[in-house]
Amino acid sequence: MTTEHLDPALRVEALASLLIERGLLDEATIETFVKTYEQSVGPMNGAKVVAKAWTDPEYRARLLADGTAAIGELGFKGPQGEHMVVLENTPAVHHVVVCTLCSCYPWPVLGLPPAWYKDPAYRSRVVREPRQVLREFGLELDAEVEIRVHDSSSEVRYMVLPERPPGTEQLSEAELAGLVTRDAMVGVAKVAAP
Amino acid sequence: MDGIHDVGGMHGFGSMPPLTADGPFAEPWEGMAFVIGALSARIAGGNLHAMRHAIERVPPSEYLAGYWNRWTMGAQLMMEDSGIVTEQEVRARAAQLSGQDVPAPPQPTPNKPQMPSGGAGNLRSRDTPPVFAVGDRVRVADRDPAGHTRLPRYVRRRTGTVTALQPCQVFPDTAAHFLGEDPQHCYTVDFDSRDLWGPGAESFRLSIDLYEPYLEPA
């Protein structure tokens, strides 16, 4: 077997060409998948869950008790979201999520993972020196804050419910959703006030 | 397997990359790579665990050459195992697409694995009750199979506390090798950072989900 590195773009094109020729893949399927994960399945879904939890205490309680069902109420379900657990960040406890063995990520609420989440630097270090990792990302936590790191090693998927920023009492649920970032729902950032 | 994928706690990968807010695919070929990988289990007659194991078997230099590179090579490896394509065919097609006149190598004979499926997804049930309960102290087994496992190196032989029972699930260690779903109870186990990394470690708690065969009473 040739071991010389083949440009991945060319490998993908060659492999796709063979699969299409064999009737195992087609252009329409490719287009549908790409469009779905570029436009409909992404962190805007998780942001809606967070904004609802911030404004509706009963929903928040349901979300923390049974993440899968509460997220499903908003219509978000599917691959890589079979069993969802929501972790609530507070002034005393800060949760952060990783997958050290691959790049498991809660697709229905956050979409596909960003480059940094898949990077061996993040995967190797956040389970060993999370405070330093968060600092390098620009998040300095007070020394008294307890950090809890979650390694997604089974089919359970985790999402962080970030703290609602101060000064947002007058904002609507939709406006609040606009503040919520992907990074805050993984736990490497806080939601900034507008 | 003790492979390049099991990076938890390793040194040497550098500082954190920038927190960018980009979409999922930087270039069109990455979108196509995603779709090929997402459909690879269906195309090759495999499953999610076999796909993960295929990515783990990508040679280390290729694994580290980028996420979509290892994802594509893993998907292809699973298809090679099932007689869907060969590396020679992919290389020849790549050469042809680059304008070279090379003959097409012979097409393999499909030989897809046969493993009964308990249905969609990975949540299952099991006849025997969970061995451990919330609050139990458990020791992670000294277990390092050559095949697929979801037990990372950095928690092996360490002692922690069960903090939650998670749903019973398909056992990756057998499903990845088409040896059956063999559903297992799954526990969230919580470790003190100093029990993982020594007395000088940063103070934090680490939780990880571990299948029952990975655990022993402490």
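Residues numbered from 1 in each chain as written. Chains lettered and ligands numbered in written order. Predicted model: local features only at pLDDT ≥ 70, side-chain atom pairs only at ≥ 80, totals over all residues.

(A) Spatial organisation of the overall build of chain B. Summing up its helical and strand segments, chain B has 7 helices and 5 strands in all. Helices and strands in chain B line up, N terminus first, as α-α-α-α-α-β-β-α-β-α-β-β. Along the longest, intermediate and shortest principal axes, the C-alpha atoms of chain B span 65 × 45 × 30 Å. Burial statistics for chain B: of 218 residues in total, 39% are counted as buried. Contacts in chain B between residues far apart in sequence, at least 24 positions, make up 63% of those at least 6 positions apart. (Helix = DSSP H or I, 4+ residues; strand = E, 2+ residues; numbered from the N terminus. Buried ≥ 20, exposed ≤ 12 C-beta atoms within 10 Å, placed from the backbone. Contact = placed C-beta atoms within 7 Å.)

(B) Seen up close, the interface of chain A and chain B. Taken together, the contacts link 63 residues of chain A with 67 residues of chain B. Taken together, the elements giving at least two residues each to the side of chain A that touches chain B come down to helix H1 (8–21), helix H2 (27–40), helix H7 (115–118), helix H8 (120–125), helix H9 (130–136) and strand S3 (146–151) of chain A. Among the elements that make up the side of chain A that touches chain B, the one with the highest residue count is H1(A) (12 residues). When its residues are assigned to classes, the side of chain A that touches chain B shows 35 nonpolar, 12 polar and 16 charged. Pairing between S3(A) and strand S4 (residues 205–211) of chain B: 4 bridges, direction parallel. Residue pairing in the sheet places Val149(A) in a bridge with Leu206(B) of S4(B). (Nonpolar A, V, L, I, M, F, W, Y, C, P; charged D, E, K, R; others polar. Pairing = 2+ DSSP bridges.)

(C) Up close: helix H4 (residues 67–81) of chain B. Residue and element names in this part refer to chain B. With 15 residues, H4 should cover 21 Å at 1.5 Å per step; its first-to-last C-alpha distance of 21 Å lies within 8% of that length. Among the 15 residues of H4, 14 are classified as buried, and the element is accordingly described as predominantly covered. Gly83 sits one or two positions beyond H4 and adopts a positive phi of about 70°. (Expected span 1.5 Å × (residues − 1).)

(D) Region of the structure containing the nonpolar core. Among the nonpolar cores identified, the biggest contains 104 residues, and Leu15(A), Val50(A), Val96(A), Val180(A) and Leu210(B) are the most heavily contacted of them. Looking at which element gives the most residues to this core, the answer is H4(B), with 8 residues. (Core = buried A, V, L, I, M, F, W, Y, C linked by C-beta atoms within 7 Å.)

(E) Summary view of the packing of H2(A) against helix H1 (residues 28–44) of chain B. At a minimum axis separation of 9 Å, H2(A) and H1(B) run at an interaxial angle of 105°. As judged from the angle between their axes, H2(A) and H1(B) are roughly perpendicular. Only Gly31(B), Met32(B), Phe34(B), Val35(B) and Ala38(B) of H1(B) make contact with H2(A), whose side of the interface consists of Thr29(A), Ile30(A), Phe33(A) and Val34(A). Split into classes, the residues belonging to the contact of H2(A) with H1(B) amount to 7 nonpolar, 2 polar and no charged. (Axes fitted to C-alpha atoms, helices over the stretch in contact; angles between N-to-C directions. Parallel < 35°, antiparallel > 145°, perpendicular 65-115°, else oblique.)

(F) Just the packing of helix H3 (residues 43–55) of chain A against helix H4 (residues 57–65) of chain A, in detail. All names here are of chain A. In the contact formed by H3 and H4, the axes pass within 5 Å of each other and the chain directions differ by 125°. On the basis of the axis angle, H3 is oblique to H4. When you trace H3 past H4, the crossing you get is left-handed. Residues Val49, Lys52 and Ala53 of H3 form the contact with H4, whose participating residues are Tyr59, Arg60 and Leu63. The residue inventory of the contact of H3 with H4, partitioned by class, reads 4 nonpolar, no polar and 2 charged. (Left-handed = near helix turned anticlockwise from the far one by under 90°.)

(G) Quick look at the environment of Glu80(B). Residue and element names in this part refer to chain B. Checked against the element boundaries, Glu80 lands in helix H4. Assessed through the 20 C-beta atoms surrounding it within 10 Å, Glu80 is described here as buried. For the pair Glu80 and Leu210, spaced 130 residues apart in sequence, the C-alpha separation works out to 30 Å. When near neighbours in sequence (up to four residues on either side) are disregarded, Glu80 contacts Val85, Thr86 and Glu87.

(H) Summary view of the sheet that holds strand S3 (residues 184–192) of chain B. Reading across from one edge, S2(A)-S3(A)-S4(B)-S3(B)-S2(B)-S1(B)-S5(B) is the order of the 7 strands in this open sheet, with mixed pairing throughout. Looking along the sheet, the strands with just one partner apiece sit at the ends: strand S2 (93–98) of chain A together with strand S5 (215–217) of chain B. Going from strand to strand, the sheet's axes swing by 35° on average, the running direction of each strand aside. Across 3 bridges, strand S1 (residues 137–140) of chain B lies against S5(B) in antiparallel orientation. If you follow Arg139(B) over to S5(B), its bridge partner there is Glu216(B).

(I) A look at the domain arrangement of chain A. Taken domain by domain, chain A comprises domain 1 (8–39) and domain 2 (42–186). The C-alpha-based centres of domain 1 of chain A and domain 2 of chain A are spaced at 31 Å. (Domains from an automatic or database assignment.)

(J) Geometry of the domain arrangement of chain B. All names here are of chain B. When cut into domains, chain B gives domain 1 (1–104) and domain 2 (137–217). Domain 1 and domain 2 are separated by 26 Å when their C-alpha centres are compared. Domain 1 puts 11 residues into the contact, and the matching count from domain 2 is 11 residues. Residue composition of the side of domain 1 that touches domain 2, grouped by class: 2 nonpolar, 5 polar and 4 charged.

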